[in-house]
Amino acid sequence: RRARRQKVRRVSGARQTIKTHEMKTVAIDPAALLDRMHRSSGNMHKGPKQRPCATKACLSAAAGSPITRLTPCRSMPTSSRAAALGRCIAANVSTDTPAGEEERQHDKSEVFRSTTRGTKAIQLILQEQILDAPDAATLLDIVDASLNEFGAVNAVTAVYRISRLLTSRAGRLRRRESEHIMSDARFESLIRTLESKSSELDKLGLENRKRAYHKLRVDADLRAGAALSVRLLERSKDIQGDLMDASSVEEVLLMVEEQGEVFNKVNTSTALHRIAKIATAVPDANAGAKQQSPDAVLSMARDDRFRHLLQMATLFCKEMSVVSISNVLWALARLRCDLDEIDMLVDDLAGRAAATVHNAQPKHLATVVWAFAVLGHEPRSRLLRAIAIRVMDTADDFRAPDVVNMLWAYARWTRLAPLSSPHGLPGAKDVVKELSRVALANLADFTPYQCANLAWSLAILDADVQPRSLASILDRAASDPDGLDDTALTHTIWAIGVKGTEIDGAGGSFQTLLAEAAKRALDRGVGRTGAAGVLWACGRLRVTPREGQAGALLDCLLTVEEEGEPRGKNLQPQPLVHGLWGICQMEGVTVGQKHRDAVFSHASRLVEAGEMEARHADALRASAVGAGLDPLEMDHALTVR
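Quantities reported herein were computed from a predicted structural model and do not represent experimental measurements.

Caption draft 1: View of the overall build of the protein chain. Looking only at helices and strands, the protein chain has 32 helices and 2 strands in total. Burial analysis of the protein chain (641 residues in total) assigns 47% to the buried set. Within the protein chain, counting contacts between residues at least 6 apart in sequence, those at least 24 apart form 75% of the total. Accessible area for the protein chain stands at about 33500 Å²; split by element, carbon and sulfur atoms hold 50% of it.

Caption draft 2: Fine view of a negative patch on the surface. Judged by side-chain charge, D338, D340, D343, D347 and D348 come together as a negatively charged surface patch. In this fold, D347 is placed in helix α17 (residues 340–356).

Caption draft 3: Highlighting the environment of A488. The topology assignment puts A488 in helix α24 (residues 486–499). Judged by relative accessible area, which is 2%, A488 ranks as buried. Along the sequence, A488 and A477 sit 11 residues apart, while their C-alpha atoms lie 9.4 Å from each other. Dropping the residues within four chain positions of it, A488 is found in contact with Y449 and A452.

Caption draft 4: Spotlight on the packing of helix α28 (residues 549–558) against helix α30 (residues 593–608). Orientation of α28 relative to α30, taken along the N-to-C sense of each, is 30°, at an axis distance of 10 Å. Between α28 and α30, the angle is such that the two are roughly parallel. The hand of the α28/α30 crossing is left-handed. Along its contact with α28, which presents G551, L554, D555 and L558, the element α30 presents K594, H595, A598, V599 and H602. Class assignment for the residues of the contact of α28 with α30 results in 4 nonpolar, 3 polar and 2 charged.

Caption draft 5: Inspection of unusual backbone geometry at higher detail. The phi angle at D462 is positive, at roughly 55°, despite the residue not being glycine. Considering the arrangement of structural elements, one finds D462 in the loop between α22 (448–461) and α23 (467–478). You will see that R542, though not glycine, has its phi angle at about 60°, which is positive. Judged by relative accessible area, R542 falls into the partly exposed class, the value being 48%.

Caption draft 6: Looking closely at the pattern of salt bridges. The full count for this structure, using the stated rule, is 20 salt bridges. Here R305 makes a salt bridge to E257, at a shortest N to O gap of 3.5 Å. Of this pair, R305 sits in helix α15 (residues 304–316) while E257 sits in helix α12 (residues 249–259), placing them 48 residues apart in sequence. Of the residues examined, R305 reaches a relative accessible area of 16% and is grouped as buried.

Caption draft 7: Fine view of helix α27 (residues 528–540). In this model α27 runs 18 Å from its N-terminal to its C-terminal C-alpha over 13 residues, within 8% of the 18 Å that 1.5 Å per residue would give. Of all 13 residues making up α27, 11 are buried, and the element is well covered by its neighbours. Among the residues of α27, those classed as buried are R528, G530, A531, A532, G533, V534, L535, W536, A537, C538 and G539. Looking at the buried positions of α27, the neighbouring elements they touch are α24, α26 (508–522), α28, α29 (573–584) and α30. Two residues or fewer after α27 comes R542, characterised by a positive phi angle close to 60°.

Caption draft 8: Summary view of the nonpolar core. Counting 148 residues, the largest nonpolar core has M406 and Y410 as its most contacted members. It is helix α20 (residues 400–413) that provides the largest number of residues to this core, a total of 10 residues. Setting aside its immediate chain neighbours within four residues, M406 contacts L365, A366, V369, I387, V391, F398, V431 and L435.

Caption draft 9: Seen up close, a positive patch on the surface. Residues R1, R2, R4 and R5 make up a contiguous surface patch of positive charge. For R1, the position within the fold is in the segment before α1 (2–22).

Caption draft 10: Local environment of the confidence of the model for the protein chain. With 77% of its residues at a pLDDT of at least 70, the protein chain reaches an overall mean of 79. Between residues 17–111, whose pLDDT stays under 50, and residues either more than four places distant or in other chains, the model counts 105 contacts. This stretch, residues 284–292, has a pLDDT under 50; its non-local contacts, to residues over four places away or in other chains, come to 12 contacts.

Analysis parameters
Residues numbered from 1 in each chain as written. Predicted model: local features only at pLDDT ≥ 70, side-chain atom pairs only at ≥ 80, totals over all residues. Heavy atoms only, no water. Helix = DSSP H or I, 4+ residues; strand = E, 2+ residues; numbered from the N terminus. Buried < 20%, exposed > 50% of the residue type's maximum accessible area, 1.4 Å probe, protein only. Contact = heavy atoms within 4.5 Å. Areas by Shrake-Rupley, 256 points an atom, 1.4 Å probe, with all protein chains shown as cover. Patch = residues over 30% accessible without salt bridge, like charges linked within 9 Å, V, L, I, M, F, W, Y side chains within 5 Å. Salt bridge = Lys/Arg side-chain N within 4 Å of Asp/Glu carboxyl O. Lys, Arg positive; Asp, Glu negative; His and termini not counted. Charge placed at Lys NZ, Arg CZ, Asp CG, Glu CD. Axes fitted to C-alpha atoms, helices over the stretch in contact; angles between N-to-C directions. Parallel < 35°, antiparallel > 145°, perpendicular 65-115°, else oblique. Left-handed = near helix turned anticlockwise from the far one by under 90°. Nonpolar A, V, L, I, M, F, W, Y, C, P; charged D, E, K, R; others polar. Expected span 1.5 Å × (residues − 1). Core = buried A, V, L, I, M, F, W, Y, C linked by side-chain atoms within 4.5 Å. pLDDT = per-residue confidence, 0-100.

Laid out in C-alpha cells, this is it:
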C-alpha cells in the first residue's frame, strides 16, 4: 500500500510539471493590454473570440512593474466591461511608468469640440493613425502627408507619441535614433505647428507637451515655455476662484490691475461677466454696502483698468470657446457702455461665434443671439446659418428662457429684414418654426413674464399660432399681472390684438390685463407707445373699456409736457394714429374736449416739424369722425402753414 501511494504521488507530480511547462509566461505592456481590449470590444457582437494560450499581465499601480500570472488555456470572451476595465488599469498607471496611450482616454467629441464636422472627421482619422504608428519614422510620414490637417490635439499627440516611441523599456531615450528624428525637417515643422496651436490645448495637452519636450531634450526655450504654460494654468485656476468670490467691481478691477498679465481667456471672460453682474444688480437694502448701484456702470466705463480688460478680451477673442463668448457678450449687453473698444470687440466676437456655435449648448446659443440683438449688432449670413443649423439639431433641448430669448432676438432682427422678404435672414424661417413648436408644446414650463415676451415675439414674427395655444399664453400671462413690467404688460395686450380674435378680447384674462394697464396709466407708468398699443388692441378686438379706462390711457398718450415735468419723448405720428384709430372703433367712446385740444396740438407740432407723413395724415382724417373730432379742425391742424 505504501508503494502504491508513492507511485501515485510521483505520477501526479510529473503530470503537474508537464502542465506547468506547457504554459507560456509573458509580461504584457499595459498599453498593449488596453489597446487589445479596446479593439476586441468593438467585435463583441461576433461572439467570443478564441485567443492563444497566454498569461495576462497585471500592472501594479504602486510599483509600476508588470506581474505575470499563470492561467490555463481557454477562450477569452470580450465585452465592453472588459474594455472599460482595461482603460481603468491604464489610467491607474504609476507616474514612474508613463502611460503610453493616455491620450486615448479623451472623449473624442470633447477633444475636437472646436472644429467643424468635416474637419473633426479628418482629425479623428489622423488621431487613430498617430496612435497606431509603430515607430517614429512612420509617424513622421503621417506628418509629412497631413500636417496641414492637424489640429492642436493631433500635434501634441504626435510629439508625445514620438517621445514614447524613442524611449526604451528602461525609460531612457535612445539618443542616436532621437537625434536622427529631431534633425528631420518634418519634426521641426511639427513642433512649429504645435506651438502655433498651443493656445487650444487643455490641461492634459499642456502636460503632455511638457513631458515630451523634456524627454526629447528640445530647445531650452521651448521646454521653459511648456513648463510655464502648465504653471500659469494652475495659477489661472486660483484666479478663477478669486474672481467668482469677488463681491464688488473694484475688487475685480484690482485683480485685473495686479494679475492681468497672467489672465487667460477664461479669466478674462469671467472678469467681465462678474463686473456686469455686480454693477447692474438691483440695490437691496438687505444686501449691505457690497452690492453696487447701476450708476457704477458710468464711472466704471471711464476706468483705465476696465478698458484694459476689454483689450484683453479682444486679444483672446480668437481662442475663446462658445461659453466664454456667451459670457462676454452677456456682460456687454448688460453694461451697454458706449465705447469704441466694445464696438470692435463685438465685431470680433461675432466672427468667432460663427466658427464655434456649431457645438453650443442651447443656453449659450440663446445668450449669444440675445446679446447681439440687445447690442444692435446686425448678424452676418455665416453666423445666421450656423445658428440655424445648431437650432435644428438641438431644438428639443431648449428650455423656456432659451426659447424666449431666441425668438425675442429674431423678432428684433426682423425689423431689419422681414421673414417674408426674399433677402430675409438666412435660416430664420426654420428657426422660428421649430422654436415656436417647442414653445407651444411646453407652455406649462413658461412663467407669466416669459409668456408675455413670447406673445410679443410671435406677433412680430407673424408665426402660426392656434387659437387654443394663444388663449393658453394669454391665461398664463394674466395669472400674475403684477409680475409683468410696464413694457411686458402693454406688449402682451398688443400681441393679443395682432394674433387674437374678439373671443380673446371678451375673455377674463384680457380684461384683467386691460384693467392693470389702465391702472398704471394713471400713475404714468405706461409709456406713450404702450398706451397707444393698448388702445389699438381694444379697437382691433372690438373691446370697449370700462368707465375711466379709456380716459386714463388717453391721458397717458396725449398729455402735453408741462414745465418742469417732462413726459418722456414727444409723441410720434404712429402712436397718435394707433390711439385715435382704437378710440374710433369703440362703441360709445369719444375724445373729450381736453383730449381734442391735445390731439390738434400734437398734429400741428408734427406737421411744423416735418415729421407727419402723408399716410399718417390720411389715417388721422379717416379716424377723426369716429373718435368725436371735428374733421375741419383736423384738416386745419394737418395743413402746412
